[in-house]
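Residue strings, one per chain:
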Amino acid sequence: GEDVEQSLFLSVREGDSSVINCTYTDSSSTYLYWYKQEPGAGLQLLTYIFSNMDMKQDQRLTVLLNKKDKHLSLRIADTQTGDSAIYFCAETFPGGGYNKLIFGAGTRLAVHP
Amino acid sequence: NAGVTQTPKFRILKIGQSMTLQCTQDMNHNYMYWYRQDPGMGLKLIYYSVGAGITDKGEVPNGYNVSRSTTEDFPLRLELAAPSQTSVYFCASRAGTGEETQYFGPGTRLLVL
């Protein structure tokens, strides 16, 4: 079945690194995404990784993919108060004529001084 | 480009009323999607379209209808609003085959009383 799970809450101190974790069940997914949602706003694409990659780095963001364990993580270096938001993990794979995007419930990141 | 735009931002409906949520994209994307986001949950797909004149049901289509008369517009219709339809609705678009990333609008918050 298709399921994406995330921890619901993470609290970090400003300047520390944040690691948000996600597990998924379907090994046929092609892309895995991280979206950011600030209060009252839509979803902003942060980064994504293709399923045949292990790691992707984009400035302060590092995505790690462990295909064997079906585990995806997002590391935010030097976390700032502006990083406070809900982070959604999502997987997509082709099927039924559209690319089906399955979301986790989101991890709320709180950054405190 | 404005990207994906949605109107209205917020609406209160009485039970049994109807309304149309508007979604427009100016990126000439073929694929468009409607999702709903319930509190503390990830997004669920309501309907999607792979091009003008073609629509199909997602995971939670009951109580909704869509149309796609142009590439740009993908309105979502609620005919008889019910409290269970209280949610935040997001529209998204994707270029097409070979381009997997979905881009989201800012959302419409709907309250049915």
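Look above for the structure.
Residues numbered from 1 in each chain as written. Chains lettered and ligands numbered in written order. Predicted model: local features only at pLDDT ≥ 70, side-chain atom pairs only at ≥ 80, totals over all residues. Heavy atoms only, no water.

Asker: Looking at this structure, how should I read the sheet that holds strand β3 (residues 19-25) of chain B?
Answerer: Strand pairing in a sheet is mediated by backbone hydrogen bonds. Such pairs are either parallel or antiparallel. Residue and element names in this part refer to chain B. Reading across from one edge, β1-β3-β8-β7 is the order of the 4 strands in this open sheet, with antiparallel pairing throughout. Of all strands in the sheet, those with a lone pairing partner are β1 (4-7) and β7 (64-66), marking the two edges. Here the average twist between neighbouring strands, direction ignored, is 20°. Note that β7 and strand β8 (residues 76-78) share 3 bridges and pair antiparallel. Within β8, the position partnered with Val66 by the bridge is Leu76. (Pairing = 2+ DSSP bridges. Helix = DSSP H or I, 4+ residues; strand = E, 2+ residues; numbered from the N terminus. Axes fitted to C-alpha atoms, helices over the stretch in contact; angles between N-to-C directions.)

Asker: Is there a simple way to explain the layout of surface pockets in this structure?
Answerer: Take a probe with the size of a water molecule and roll it over the atoms, and the empty space left behind shows itself. Taken as a whole, the largest pocket encloses approximately 670 Å³ of empty space. Looking at the largest pocket, it is lined by 32 residues, and the ones nearest its centre are A:Gln37, A:Ile86, B:Gln37, B:Val88 and B:Arg109. Elements that contribute at least two residues to the lining of the largest pocket include exactly β9 (85-95) and β11 (107-112) of chain A together with β9 (87-94) and β11 (108-112) of chain B. A total of 4 residues in the lining of the largest pocket trace back to one element, the largest contributor, which is β11(B). Considered class by class, the residues forming the lining of the largest pocket number 17 nonpolar, 10 polar and 5 charged. Each pocket or cavity is described by its volume, and for the second largest pocket that value is around 210 Å³. (1 Å grid on protein atoms, 1.4 Å probe; cavity = no way out; pocket = protein on both sides within 12 Å on 5 of 7 lines; lining within 4 Å. Points joined across faces, edges and corners; volume = space filled by probe spheres on them. Nonpolar A, V, L, I, M, F, W, Y, C, P; charged D, E, K, R; others polar.)

Asker: What should I look at first to understand the pattern of salt bridges in this one?
Answerer: Pairing is possible between side chains of opposite charge, provided their charged atoms come close. Residue and element names in this part refer to chain A. As enumerated under the stated definition, the model contains 6 salt bridges over all chains in all. A salt bridge links Lys67 to Asp54, with the nearest nitrogen and oxygen atoms 3.1 Å apart. Of the two residues, Lys67 sits in the loop between β7 (61-66) and β8 (71-76) while Asp54 sits in the loop between β5 (43-50) and β6 (55-58), which places them 13 residues apart along the sequence. For Lys67, a relative accessible area of 37% corresponds to the partly exposed category. (Salt bridge = Lys/Arg side-chain N within 4 Å of Asp/Glu carboxyl O. Buried < 20%, exposed > 50% of the residue type's maximum accessible area, 1.4 Å probe, protein only.)

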